[in-house]
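Summary of the model geometry
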Amino acid sequence: VGDASNDNDSTGYGGVGYDYHIGTYEVTNSQYTAFLNAVAATDKYNLYDSSMGDMPRGGISRFGSSGGYSYSTRPDMANKPVNNVTFSDAARFANWLMNGQPSGGQNENTTEDGFYTFNSKDNITGQASHSGNQVNGTDWVAVASEDEWYKAAYYDGNSGYALYPTQSDSTPDKAKANSTGDVKNPGENVANYDGRADWNGQTNGNVTTVGSAQAESYYGTFDQGGNVFEWTDTSEGDERVFRGGHFNG
């Protein structure tokens, strides 16, 4: 994401003073499963929640017992967005990426230190700064700040902002889905919201394959409006802010 030092939107969000990278797609069940298999054989900090395995929207199954847990994606769910993830889960995932995706227990070399420093399950004692500089000589990986998220979703690269993260000021069309959860009416202004992307026997909506709506922001990101809400690491009081849309919202 370029165009550094852009102005904020009229909402007060979106100005970022440095170039940065952001994920093209939401984190998928397949990516999160790789994370779990690397560091959660014991799962000291509950990176896996049982609801992650609940159909129709949960995409990850766990097998075995503590010390020997293993994880796999459910059929047709590998490329759907992982859900039921806490902010602490997301921050540990970012640390793991920043540390080079190592394998082993959940410790300072894998999940407990990196951009975020943990001293217990949900207590972050420090975090690095979002900036154009490396952190301790390493390219940093973090959950996007609210301004980073907002700019990637709405900025048009020319001092303006679209109303929707599909480069449009018009309300997106509601996504429909085929039998395996790909959007079957992809286009320039389509999003998975309002319970319309029914598949797998659902009548109130479901997650869809990331990017299959083929409706991207100016910077080439997908599904920032719809599918699942997304964490930012900006704090509002004692809570972290989440952004985006929801398949049934």
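As shown above, the structure is provided for reference.
Residues numbered from 1 in each chain as written. Predicted model: local features only at pLDDT ≥ 70, side-chain atom pairs only at ≥ 80, totals over all residues. Heavy atoms only, no water.

Let's shift gears to the pairing of strand 8 (residues 239-243). Successive residues of a regular strand alternate their side chains across the two faces of the sheet. Sheet topology note: the strand 7 (residues 230-236)/strand 8 ladder contains four bridges and is antiparallel. Paired with Glu-230 across the strands is Arg-243, a residue of strand 8. Here strand 7 folds back onto strand 8, and the loop between the two strands holds two residues, one of which, Gly-237, carries a positive phi near 65°. (Pairing = 2+ DSSP bridges. Helix = DSSP H or I, 4+ residues; strand = E, 2+ residues; numbered from the N terminus.)

Across the nine residues of helix 3 (residues 146-154), eight count as buried, placing the element largely inside the fold. Summarising the contacts, the buried residues of helix 3 are in contact with strand 7 and strand 8. (Buried < 20%, exposed > 50% of the residue type's maximum accessible area, 1.4 Å probe, protein only. Contact = heavy atoms within 4.5 Å.)

Using the criterion set out here, one finds six salt bridges in the structure. Two residues, Arg-196 and Asp-194, come together in a salt bridge whose shortest N-O distance is 3.7 Å. With a relative accessible area of 46%, Arg-196 lands in the partly exposed category. Exposure remark for Asp-194: the relative accessible area of 32% places this residue in the partly exposed category. (Salt bridge = Lys/Arg side-chain N within 4 Å of Asp/Glu carboxyl O.)

Below, the discussion takes up the side chain of Asp-89. Examined against the element boundaries, Asp-89 turns out to sit in helix 2 (residues 87-98). Put simply, Asp-89 is tucked away with no salt bridge, and the nearest opposite charge, on Arg-92, sits 5.6 Å away. Here Thr-86 takes part through its backbone nitrogen, which lies 3.0 Å from a polar atom of the side chain of Asp-89. In this structure Asp-89 touches Tyr-32, Phe-35, Asn-46, Leu-47, Met-52 and Asn-84, once residues within four positions along its chain are discounted. (Lys, Arg positive; Asp, Glu negative; His and termini not counted. Polar contact = N/O pair within 3.5 Å; in protein donor to acceptor, adjacent residues only side chain to side chain.)

In this section: the nonpolar core. It is characteristic of soluble globular proteins that their nonpolar side chains tend to be buried jointly. Core analysis: the biggest nonpolar cluster contains 32 residues, and Tyr-32, Phe-35, Leu-36, Ile-60 and Tyr-116 have the highest contact counts within it. At the level of elements, helix 1 (29-39), helix 2 and strand 3 (116-118) are the ones that each hand at least two residues to this core. For this core, the element with the most residues is helix 2, which contributes seven residues. With sequence-adjacent residues up to four places away left out, Tyr-32 is seen in contact with Val-27, Leu-47, Met-52, Ile-60, Val-82, Val-85, Asp-89 and Phe-93. Within the second largest apolar cluster, 11 residues are counted, among which are Ala-175, Trp-199, Val-228 and Phe-247. (Core = buried A, V, L, I, M, F, W, Y, C linked by side-chain atoms within 4.5 Å.)

Taken as a whole and assessed by the stated rule, the structure comprises 21 aromatic pairs. Aromatic pair Phe-115 and Trp-140: ring centres 5.3 Å apart, planes at 40°, arrangement tilted. With Phe-115 in the loop between helix 2 and strand 3 and Trp-140 in the loop between strand 4 (124-127) and helix 3, the pair connects residues that are 25 residues apart, well separated along the chain. Both residues of the pair, Phe-115 and Trp-140, belong to the buried class. In this structure an aromatic cluster arises from ring pairing among Phe-87, Phe-115, Tyr-116, Trp-140, Phe-229, Trp-231 and Phe-242. When the ring centre of Tyr-69 is taken as reference, the NZ or CZ atom of Arg-62 above it lies at 3.8 Å. Lying across the ring of Phe-118, Arg-92 places its NZ or CZ 3.8 Å from the centre. (Phe/Tyr/Trp six-rings, centres within 6.5 Å; stacked < 30°, edge-to-face > 60°. Lys NZ or Arg CZ within 6 Å of the ring centre and 35° of its normal.)

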